[in-house]
Amino acid sequence: MPDIHDDGQPRSGSRPRGVFEVDEDAALTELEKAWADGGYHGFCVLEHSLWSAISSSGEVLTGNTPDGLDQQIRAHWQALQ
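Nothing here was measured: the structure is a model prediction, and the numbers come from that model.

Considerations on the overall build of the chain
Looking only at helices and strands, the chain features two helices and three strands. Helices and strands in the chain line up, N terminus first, as α-β-β-β-α. Sequence-distant contacts in the chain: of pairs separated by 6 or more residues, those separated by 24 or more amount to 22%. Carbon and sulfur atoms form 50% of the exposed surface of the chain, whose accessible area is close to 6,200 Å².

Focus: the pattern of salt bridges
As enumerated under the stated definition, the model contains two salt bridges in all. Notably, a salt bridge pairs Lys-33 with Glu-30, separated by 3.3 Å at the nearest N-O pair. One end of the pair, Lys-33, and the other, Glu-30, are both in helix 1 (residues 24-35), three residues apart, so they sit about a helical turn from each other. Residue Lys-33 is classed as exposed on the basis of its relative accessible area of 60%. We classify Glu-30 as partly exposed; its relative accessible area is 47%. Residues Arg-74 and Asp-70 are paired through a salt bridge, measuring 3.4 Å at the closest nitrogen-oxygen approach. Here Arg-74 and its partner Asp-70 are both found in helix 2 (residues 66-80), four residues apart, which amounts to about one turn of the helix. Here Asp-70 falls in the buried class, since its relative accessible area comes to 17%.

Details of the packing of aromatic side chains
In this structure the tally under the stated criterion is two aromatic pairs. A centroid spacing of 5.8 Å and a plane angle of 85° characterise the contact between Trp-35 and Tyr-40, whose relative ring orientation is edge-to-face. What makes Tyr-40 buried here is its relative accessible area of 3%. Taken together, the aromatic side chains of Trp-35, Tyr-40 and Trp-77 make up a single cluster linked through ring pairs.

A few points about the sheet that holds strand 1 (residues 41-46)
Spatially, 1-2-3 is the arrangement adopted by the three strands of the open sheet, whose pairing is antiparallel. Only two strands of the sheet have a single partner each, and these edge strands are strand 1 and strand 3 (60-63). Across the sheet, the mean angle separating the axes of adjacent strands is 20° when strand polarity is ignored. Alignment of strand 2 (residues 50-54) against strand 3, held across four bridges, turns out to be antiparallel. Across the sheet, Ala-53 pairs through a bridge with Leu-61, a residue of strand 3. Against the sheet, helix 1 touches strand 1 and strand 2, its axis set at about 155° to strand 1.

Rules behind the numbers
Residues numbered from 1 in each chain as written. Predicted model: local features only at pLDDT ≥ 70, side-chain atom pairs only at ≥ 80, totals over all residues. Heavy atoms only, no water. Helix = DSSP H or I, 4+ residues; strand = E, 2+ residues; numbered from the N terminus. Contact = heavy atoms within 4.5 Å. Areas by Shrake-Rupley, 256 points an atom, 1.4 Å probe, with all protein chains shown as cover. Salt bridge = Lys/Arg side-chain N within 4 Å of Asp/Glu carboxyl O. Buried < 20%, exposed > 50% of the residue type's maximum accessible area, 1.4 Å probe, protein only. Phe/Tyr/Trp six-rings, centres within 6.5 Å; stacked < 30°, edge-to-face > 60°. Pairing = 2+ DSSP bridges. Axes fitted to C-alpha atoms, helices over the stretch in contact; angles between N-to-C directions.

Shape descriptors only; they carry no functional weight alone.
So, in structure tokens, the structure goes:
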């Protein structure tokens, strides 16, 4: 039987994410799926929410959000075409 709050909502074992918080593992997985075949690897989140990836030539690309990193990778990739 699930554990229920006084408000009738089930309790979760973990704290719910805030509206603007990102599921880092899921976002990193999606970035890797989207860009690994393009030669980008080493996707991670550094201190202070700095998202980064490494190009096949060793350049470190960064963004303040997953979308910001995606934009940097896209611009880098397009410049190489």
